[in-house]
Amino acid sequence: MPTPHNNAEKGSIAKTVLMPGDPLRAKFIAENYLDSPICYNEVRGMLGYTGTYKGIPVSVQGSGMGMPSIGIYSWELFNEYGVENIIRVGTAGAIADNVELRDVVIGMSASTNSAYASQYRLPGTYAPTASWSLLSAAVRSAEEKNAAFHVGNIFSSDTFYDDADSLAQWQKMGVLAIEMEAAALYMNAARAGKNALCILTVSDCPLRGLSTSAEERQTTFRDMMEIALETAIKVN
Ligand code: HPA
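Basis of the calculations
Residues numbered from 1 in each chain as written. Predicted model: local features only at pLDDT ≥ 70, side-chain atom pairs only at ≥ 80, totals over all residues. Heavy atoms only, no water. Phe/Tyr/Trp six-rings, centres within 6.5 Å; stacked < 30°, edge-to-face > 60°. Helix = DSSP H or I, 4+ residues; strand = E, 2+ residues; numbered from the N terminus. Buried < 20%, exposed > 50% of the residue type's maximum accessible area, 1.4 Å probe, protein only. Lys NZ or Arg CZ within 6 Å of the ring centre and 35° of its normal. Pairing = 2+ DSSP bridges. 1 Å grid on protein atoms, 1.4 Å probe; cavity = no way out; pocket = protein on both sides within 12 Å on 5 of 7 lines; lining within 4 Å. Points joined across faces, edges and corners; volume = space filled by probe spheres on them. Contact = heavy atoms within 4.5 Å. Core = buried A, V, L, I, M, F, W, Y, C linked by side-chain atoms within 4.5 Å.

Chemist: Please clarify how the packing of aromatic side chains should be interpreted in this entry.
Modeler: For any pair of aromatic rings, the description consists of the separation of the ring centres together with the inter-plane angle of the planes. Tallied over the entire structure, the rule returns four aromatic pairs. For the ring pair Tyr-33 and Phe-221, a centre distance of 6.5 Å and an interplane angle of 70° mean the geometry is edge-to-face. With Tyr-33 in helix H1 (residues 23-33) and Phe-221 in helix H6 (residues 217-234), this pair connects stretches of sequence that are 188 residues apart. Note on accessibility: Tyr-33 and Phe-221 belong to one class, buried. Over the aromatic face of Tyr-81 sits the side chain of Lys-10, whose NZ or CZ is 5.3 Å from the ring centroid. Positioned above the aromatic ring of Phe-221 is the side chain of Arg-25, whose terminal nitrogen or guanidinium carbon lies 4.1 Å from the ring centre.

And the structure:
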């Protein structure tokens, strides 16, 4: 049965799903990286496709921007469609001094200013964490590619335009980069007993006033995608 946000038939989504924020990016990935992609969802334009990579079934679906949006789509994939692994592939702003434009950042953990964890009524502060199976496979894949990559804590923010200007404080705590989805994805995976990872390409440096052009992002985008696809193969 389809869900309120996804009209895929049960069984039409692969065990491993790559999730870019932008649904048109999902279309691009399906058409350029997967063999024989079939579109399984068009509800709200949140395009989803299943195809194969090196003969292994892989799906790719947009998540939308922000934790409420990825929260909905990843919850349904894990709990309604039997998906085991979700790998977010997105862009991030650099926070740490040694993270440069176009680097790849792999989110081992995701700090957040979101209240998403409050639904679990935990008597303390939860630490959203990537799954070791995916994290270790992604690191091996990045090493095999000789990609410039960092692994560590990322910051999932509810705000893109933030009045408090708090990035310098996150920097003091060793946080590598800012994005807007990973913490909710990691929490949904943990609650469902499934696996999640976030792989990012650095598109801008908010503290240094730098950003890449859309064209410049293509090379790093390729590194990130190849790392994500090779990770999907390793955990199949
Ligand atoms: N902030 C939040 N999310 C982002 C950014 C940023 O600067 N860059 C890419 N995703």
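Back to the write-up after that little detour.
Chemist: What is the right way to read the pairing of strand E5 (residues 85-94) from this model?
Modeler: Within a regular strand, the side chains alternate between the two sheet faces. For E5, the tally of buried residues reaches nine of ten residues, placing the bulk of the element in the interior. Bridge analysis of strand E1 (residues 16-19) against E5 gives four bridges, and the strand direction is parallel. Counterpart to Val-17 in the pairing with E5 is Ile-86. The pairing of E5 with strand E9 (residues 195-205) spans nine bridges and is parallel. Looking across to E9, one finds that Ala-92 is bridged to Val-202.

Chemist: Is there a simple way to explain the layout of surface pockets in this structure?
Modeler: If a probe as big as a water molecule is rolled over the atoms, it shows which places are left empty. As a volume, the largest pocket reaches approximately 850 Å³. Forming the boundary of the largest pocket are 35 residues, of which Thr-91, Phe-160, Met-180, Ser-203 and Asp-204 lie nearest the centre. Of all elements in the fold, only E5, helix H4 (167-172), strand E8 (177-179), E9 and H6 reach the threshold of two or more residues within the lining of the largest pocket. Examining the composition of the lining of the largest pocket, we find that six residues originate from one element, E5, more than from any other.

Chemist: Can you help me understand the environment of Ala-196 in this one?
Modeler: Here Ala-196 is to be found in strand E9. Taking the C-alpha atoms as reference points, Ala-196 and Met-65, 131 residues apart in sequence, are found 17 Å from one another. The residues touching Ala-196, leaving out its near neighbours within four places in the chain, are Phe-78, Ile-86, Ala-130, Ser-131, Leu-134, Leu-185, Tyr-186 and Ala-189.

Chemist: Explanation requested: the nonpolar core in the structure shown.
Modeler: Most often, soluble globular proteins keep nonpolar side chains buried together rather than apart. By size, the foremost hydrophobic cluster in this structure holds 70 residues, and its most contacted members are Leu-77, Ile-106, Tyr-186, Leu-197 and Ile-199. Those residues in contact with Ile-106, other than ones at most four positions away along the chain, are Leu-135, Ala-138, Val-139, Ala-142, Phe-149, His-150, Val-151, Gly-152, Leu-197, Cys-198 and Ile-199. One finds Ile-95, Phe-155, Leu-167 and Val-175 within the second-largest nonpolar core, a separate group that totals five residues.

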